[in-house]
Amino acid sequence: MPILVHKYGGTSMANIERILSNAHRIAKDIEKGYQVAVAVSAMSGETNRLLALADEIDPYGSGRERDMLASAGEQVSIALMAMALHKIGIGSVSFTANQAGIKTDPFHTRAKILSIDDTRLRKVLDEGKVPVIAGFQGVTEAMEVTTMGRGASDTTAAAVAAALGAERCDIYTDVDGVYAADPRIVPRAKKLDRISYDEMLEMAGAGSKVLQTRSVVFAKKYNVPLQVLTSFEDLPGTMISEEVEGMEEVLVTGVCSDKTEARLTLYGIPDHPGIAAQVFEALNDEGISVDMIVQSVGQDGQANISYTVNKSDLGDARKVTEKVKQGLSARDLSVDEKVSKISVVGVGMKSSGGVAARMFRCLAAKGINIYMISTSEIKISVVIDEDYTELAVRTLAKEFELETEE
Ligand code: ADP
Ligand code: ASP
Ligand code: MG
């Protein structure tokens, strides 16, 4: 029997009424002849509530205990979701990540999935029941509980879908699909019927938090189509799949912003081979992902290097970089948290040039200064002052015709 994975986000799990409505939707897909596995998030606001409690004690406290706390939100959801399925006569078994065999690396609060042993999930599916798996959490080889970064229930769902060889992974949320820009910033943003894995990867990495980036990595790697759709109405969603003909005709598919990164700059580092390697190896050894990097042209044997990391990793990144600074006798280290990354994405850029120039001209016309620039084949990102985020997104949405007419 073909398998579908459903994922329900926080707002789709917000109360018992929503949870029961999800159960009915699952029942419909079972009636259509699918085996369904479900991944759930914590009830809306719950992860924030738990982490705020931790912050009251110590915002830079033990990652192990933060994970123990934050993972509790999803444990409530799995039990309620399974109970709701029982209520309408569907067999269901809830699973913590440990019970579902989801193994991660040991980096607390930012763990990555290493493997999934799907034996127990398959057994439950073969018994005609619905496994309900806690999103966001994992377990290490040493049986420590981890979490995989904010929004990681998407990743749990996509990884489970890949492990089970699912036909599709349906991500149920509070918007009816992926829009060309965050609808909260650009209310008339166009809804996309389809988007390629690569574009979605870039958009997620560029701050479109409708999907966690790693969920798209799994989907692409194992070729599991993702569908983003609303759990509030019966509406078609957005399909995320391999690139198909015609996609390249659109120059820019989306514009995104990201306020979750902070910029660190090391001034006066020696300008010779191996220095950049030293800086980024030290960060990598702590499991800290770096996004944008800019190194200035060397002068008098010295250079500056700037890079961005997620704000949630800033405490660790600062500690690591401070050590590197001392080791290299660098002149100074600065940290800027008031920055934002603005990106335009589109496979159409592969065949047409000029997007970067148009983007920079547009920002200049609004008096927005650019601190850093990075490009890929299908994306251009800039770092600017955080205060200009919404203005930049709206201006670029207009420039690249990402709004509906009416
Ligand atoms: P969930 O709790 O279901 O995982 P999220 O809040 O994580 O939901 O993600 C859905 C939200 O993502 C939407 O409410 C929307 O505001 C936001 N979002 C940001 N960019 C986009 C985009 N390009 N298209 C659709 N939604 C977007
Ligand atoms: N509950 C977690 C969060 O709020 C995971 C998720 O929602 O995907 O980040
Ligand atoms: Mg989410």
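Described below are features of the structure shown in this document. (Residues numbered from 1 in each chain as written. Chains lettered and ligands numbered in written order. Predicted model: local features only at pLDDT ≥ 70, side-chain atom pairs only at ≥ 80, totals over all residues. Heavy atoms only, no water.)

**Digging into the site of ligand 1**
- Around ligand 1, the structure places 17 residues, and the nearest of them are Thr173, Asp174, Tyr179, Arg184 and Lys209.
- Asp182 places a side-chain nitrogen or oxygen 3.3 Å from an oxygen atom of ligand 1.
- Protein burial of ligand 1: of its 570 Å² of free accessible surface, 88% is covered by the chains.
- Of the residues that constitute the shell around ligand 1, the class distribution is 7 nonpolar, 5 polar and 5 charged. (Near = heavy atom within 4 Å. Polar contact = N/O pair within 3.5 Å; in protein donor to acceptor, adjacent residues only side chain to side chain. Areas by Shrake-Rupley, 256 points an atom, 1.4 Å probe, with all protein chains shown as cover. Nonpolar A, V, L, I, M, F, W, Y, C, P; charged D, E, K, R; others polar.)

**Thoughts on unusual backbone geometry**
- In this structure, Phe136 is a non-glycine residue whose phi angle is positive, near 75 degrees.
- Tracing the backbone shows Phe136 in the loop between strand 6 (130–134) and strand 7 (137–139).
- A positive phi angle, close to 50 degrees, is found at Ser329, a residue other than glycine.
- Here Ser329 is to be found in the loop between helix 11 (314–328) and strand 17 (332–336).
- The exposed category is assigned to Ser329, whose relative accessible area is 59%. (Helix = DSSP H or I, 4+ residues; strand = E, 2+ residues; numbered from the N terminus. Buried < 20%, exposed > 50% of the residue type's maximum accessible area, 1.4 Å probe, protein only.)

**Brief notes about the environment of Leu50**
- Its location among the elements puts Leu50 in helix 2 (residues 46–57).
- Taking relative accessible area as the criterion, Leu50 reaches 7% and is therefore assigned buried.
- When the C-alpha atoms of Leu50 and Val130 are compared, they prove to be 28 Å apart, with 80 residues separating the residues in sequence.
- For Leu50, the residues in contact, after removing those within four places along its chain, are Leu69, Ala70 and Gly73. (Contact = heavy atoms within 4.5 Å.)

**Some details on the pairing of strand 19 (residues 372–376)**
- With 5 bridges joining them, strand 19 and strand 20 (residues 379–385) adopt antiparallel strand pairing. Residue pairing for strand 20: Ile373 is matched across the bridge by Val382.
- The turn linking strand 19 back onto strand 20 is made up of 2 residues. (Pairing = 2+ DSSP bridges.)

**Observations regarding the sheet that holds strand 14 (residues 261–270)**
- Taken in spatial order, the 4 strands of this open sheet run 15-16-14-17, and their pairing is antiparallel. Two strands bound the open sheet, and with one partner strand each, they are strand 15 (290–295) and strand 17. Neighbour-to-neighbour, the strand axes of this sheet turn through a mean angle of 15 degrees, independent of strand direction.
- With 4 bridges joining them, strand 15 and strand 16 (residues 302–310) adopt antiparallel strand pairing. (Axes fitted to C-alpha atoms, helices over the stretch in contact; angles between N-to-C directions.)

**Focus: helix 3 (residues 63–70)**
- Of the residues making up helix 3, those classed as buried are Arg66, Asp67 and Ala70. An end-on view of helix 3 places all buried positions within 100 degrees of arc, on one side of the element.
- Considering only its buried residues, helix 3 is in contact with helix 2, helix 4 (72–87) and strand 8 (145–147).
- A side-chain oxygen of the first residue of helix 3 lies 3.2 Å from the backbone nitrogen of Arg64; this N-cap is Ser62. (Arc of directions from axis to C-beta.)

**Observations concerning the site of ligand 2**
- Contacts to ligand 2 come from Ser41, Ala42, Thr47, Glu74, Phe136, Arg150, Gly151, Ala152 and Ser153.
- Within the contact set of ligand 2, an oxygen atom lies 3.2 Å away from a side-chain nitrogen or oxygen of Ser41.
- At 3.4 Å from an oxygen atom of ligand 2 is found a main-chain nitrogen or oxygen belonging to Ala152.
- Contact with the protein chains hides 86% of the accessible area of ligand 2, taken as 260 Å² for the molecule alone.
- Of the residues in the shell around ligand 2, the class split is 3 nonpolar, 4 polar and 2 charged.

**Digging into the sheet that holds strand 13 (residues 254–258)**
- The sheet built from 4 strands is open, its strands ordered 13-18-20-19 with antiparallel pairing. Of all strands in the sheet, those with a lone pairing partner are strand 13 and strand 19, marking the two edges. Within the sheet, the average angular offset between the axes of one strand and its neighbour, ignoring direction, is 15 degrees.
- Packing against the sheet, helix 12 (residues 355–365) makes contact with strand 18 (339–345), strand 19 and strand 20, and its axis sits at approximately 20 degrees to strand 20.

**Quick notes on the packing of helix 7 (residues 153–164) against helix 9 (residues 213–221)**
- One can describe the packing of helix 7 onto helix 9 by two numbers: an axis separation of 7 Å at closest approach and a directional angle of 10 degrees. In terms of orientation, helix 7 and helix 9 fall into the roughly parallel class. Residues Asp154, Thr155, Ala158 and Ala159 of helix 7 touch helix 9, and the partners they reach there are Arg214, Ser215 and Phe218.
- Its residues assigned to classes, the contact of helix 7 with helix 9 comprises 3 nonpolar, 2 polar and 2 charged. (Parallel < 35°, antiparallel > 145°, perpendicular 65-115°, else oblique.)

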